[in-house]
Amino acid sequence: MRSGLILILVNYYLLIKMALRIRKNGDILCAAMHPEQEGDTYINDGLSYSMSVVHKVIVTEPMDKHRNHGQWWWKGNVPDWVKVEN
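Just so we're clear, the structure is a prediction, and the values are computed from it rather than from any experiment. (Residues numbered from 1 in each chain as written. Predicted model: local features only at pLDDT ≥ 70, side-chain atom pairs only at ≥ 80, totals over all residues. Heavy atoms only, no water.)

Draft legend 1. Focus on the side chain of H66. The topology assignment puts H66 in helix α3 (residues 63-69). For H66, a relative accessible area of 6% corresponds to the buried category. When sequence neighbours within four positions are dropped, the list of residues in contact with H66 reads C30, M33, T60, E61, Q71 and W72. (Helix = DSSP H or I, 4+ residues; strand = E, 2+ residues; numbered from the N terminus. Buried < 20%, exposed > 50% of the residue type's maximum accessible area, 1.4 Å probe, protein only. Contact = heavy atoms within 4.5 Å.)

Pasting the structure below:
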């Protein structure tokens, strides 16, 4: 039971801590996984949460795949090889 609660809390933390970086080339990246580069636009936790969870205009892969590269895409502009999280 306790390990289940810990897992829920960790997943919640990951959900709310998801600041993003938008590169000059348009790539949307997890800010925690990618260092800042000159020209990046930083999207804070609150706005990225709103964009991904509330409005669903950006999407990513399930966490097991997301941890490999930490990339996001605009909904409707996802490469064919990417399976997005539902």
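Draft legend 2. View of the sheet that holds strand β4 (residues 58-60). Within the open sheet, the five strands sit side by side as β3-β1-β2-β5-β4. Their pairing is antiparallel. On the outer flanks of this sheet lie β3 (41-43) and β4, each paired with one strand and no other. Between one strand axis and the next, the sheet turns by 30° as a mean value, whatever way the strands run. The sheet contact formed by strand β1 (residues 20-22) and β3 spans three bridges and is antiparallel. Along β3, the bridge assignment pairs R21 with Y42. (Pairing = 2+ DSSP bridges. Axes fitted to C-alpha atoms, helices over the stretch in contact; angles between N-to-C directions.)

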